[in-house]
Amino acid sequence: MPSGSEPVVGVARSVALVGLRAVDVTVEVSISAGLPCFSLIGTTGTAGRQAGERVRAALHATGIRLPSRKILASLAPADVPTSGARFDLALAAALLVRLGAVASSALTDAAFLGELALDGTVRAVSGVLPAAAHLAAAGVDRLFVADDNVREASLASGIGVIAVGDLSELLAILDGAAHPRALPARPPPAAADVADLADVRGQAEARRALEIAAAGGHHLLLLGPPGCGKSMLAARLVGVLPSLTEQAALELTAIRSVAGLLAGTAPITLDRTPPLRAPHHATTAAALLGGGGGVARPGEISLATHGVLFMDELFEWPRRLLDALREPLEQGTVRIARAQATVCYPAAFQLVCAANPCPCGGAGTCDCTDAEVWTYRRRLSGPLADRIDLAPRLSALEAGHLVDATPGEPSHTVAARVRTAREVARERWGVVNRLASAEPVRATARPAALRTLGRAVESGALSGRGFDRALRVARTCADLAGDDQVDREHVLEALAHRAALRAARVAR
Ligand SMILES: [Zn+2]
């Protein structure tokens, strides 16, 4: 222990998160004459206010007694949400410096993220990956985290990750008595376990619509009787989408990190598989959109970013949840306002919905009246229906398909066509066809194609808004065929795949 070198304040570095945005936090500790107490300034929430007690107990368990004097700790800047226990480790490190147990130079270019248990054990916290990436960009050399956060932190390149099991280990590493442990080797990327389209027999129309949806990023509604394979098809969409770019994979992993889904010792590699999230219709608004106490956590729509959000039994979903999807579908992001901070998370997902065609399920004979069916399907009307591009008809599985030994076309064959079509679109306007501006898409269509669409609007089969949506789908059909120009045949195919929407007499 360096003697006579106790600084006036101990300072340690940590990171707060506002959504995915990392903010530097400076933890300062001073000890002065006065009534013995442990005061914290700048923390919010119960877990934050109790940090002093946790740190005191953890230090005591490590054999370090705090002096019977006034201990003052502050977290700055004060306007950043600092709820939770993620700053415990930084607080302890700053105290160790102030007490002279560790030289202040030992904390140079180091940052700390972790919660302390009363026995001195360091516990994992959420959001370590975006914090580590931020620190690496800021030139910080070393990040001290709990064992269960090591794999996640290691996904950020350019920063040394140091595991600390408890406060004794932290102390030993900081005063040079012990070397940091060697980190476990990063496992090779595991092959993603995604269901294959070859398992789907029959349903040619739906399979084709799925391919078009994948190639153009179009939103899809699967309308068919129970047991016809709607969920099966939806689960196979991610298997024909291209792998995520490194940037997209990092963003998605950061969202999972903030959602607290990564902590643990299980091997983590950067997952390039597009996500598939399938929340239940009885889910809460907070779980779907993001929310919770303190700083809002990302919800299902953010966890589906760069992938697929599957909403089964669409007509069972409460209207308020469907309406709440309007902004994310339009913006690709979701804003969640909380007392502490308004956060914005990515929510750029492809929507796949499934529903039974009528309230009885619609398989076989049906006694539902037109009015009953209309009331049931009317739940789809409005903003959500306006955004559905493809709605193929699914038939009840014919007996022949169940015994037919011929498997469907495998996912990798379909994925190759999808990849080629997506590359063409990206070279043309930098985004998937669903997100392309209307005018440039119209400019690639032959007059006959535009006339056909115009007649569909005149006949009431298509709304003015539906005109450009259908044209974008036709653009994707042309891309899959390798055609530069959108022709009449592509428009006819796009319109055919909206047939189920028309039949529902909604979303015209
Ligand atoms: Zn019915």
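If you're wondering where the values come from, they're calculated on a predicted model, not measured in any experiment.

Let's talk about helix α21 (residues 488-496)
So, step 1. Within α21, the full set of buried residues consists of His490, Val491, Ala494 and Leu495. Within α21, the buried residues cover an arc of 135° as seen down the axis, which keeps them to one side.

A word on the sheet that holds strand β9 (residues 160-163)
So, step 1. Taken together, three strands build an open sheet; the order of strands is β5-β8-β9 and the sheet is parallel. In this open sheet, the two edge strands, each paired with only one partner strand, are β5 (110-112) and β9. The mean inter-strand angle of the sheet, taken between neighbouring strand axes irrespective of direction, is 25°.
So, step 2. Where β5 and strand β8 (residues 142-145) come together, three bridges link them in parallel fashion. Its bridge partner lying in β8, alanine 111 is registered against leucine 143.

Quick notes on the pattern of salt bridges
So, step 1. Under the defined criterion, the tally for this structure stands at 19 salt bridges.
So, step 2. With its nearest N and O atoms 2.7 Å apart, the salt bridge here joins arginine 277 to glutamate 300. With arginine 277 in strand β11 (residues 276-277) and glutamate 300 in helix α11 (residues 300-303), the pair connects residues that are 23 residues apart, well separated along the chain.
So, step 3. Exposure remark for arginine 277: the relative accessible area of 24% places this residue in the partly exposed category.
So, step 4. With a shortest N-O distance of 2.7 Å, arginine 428 and aspartate 479 are connected by a salt bridge.

Some points on the packing of aromatic side chains
So, step 1. Scanning the model with the defined rule gives one aromatic pair in all.
So, step 2. Taking 4.9 Å as the distance between ring centres and 15° as the angle between the ring planes, the aromatic pair formed by phenylalanine 112 and phenylalanine 144 counts as stacked. Placement of the pair is phenylalanine 112 in strand β5 and phenylalanine 144 in strand β8, with a sequence separation of 32 residues. The exposure classification of phenylalanine 112 matches that of phenylalanine 144, with both residues buried.

Reading the values: rules and limits
Residues numbered from 1 in each chain as written. Predicted model: local features only at pLDDT ≥ 70, side-chain atom pairs only at ≥ 80, totals over all residues. Heavy atoms only, no water. Buried < 20%, exposed > 50% of the residue type's maximum accessible area, 1.4 Å probe, protein only. Helix = DSSP H or I, 4+ residues; strand = E, 2+ residues; numbered from the N terminus. Arc of directions from axis to C-beta. Pairing = 2+ DSSP bridges. Axes fitted to C-alpha atoms, helices over the stretch in contact; angles between N-to-C directions. Salt bridge = Lys/Arg side-chain N within 4 Å of Asp/Glu carboxyl O. Phe/Tyr/Trp six-rings, centres within 6.5 Å; stacked < 30°, edge-to-face > 60°.

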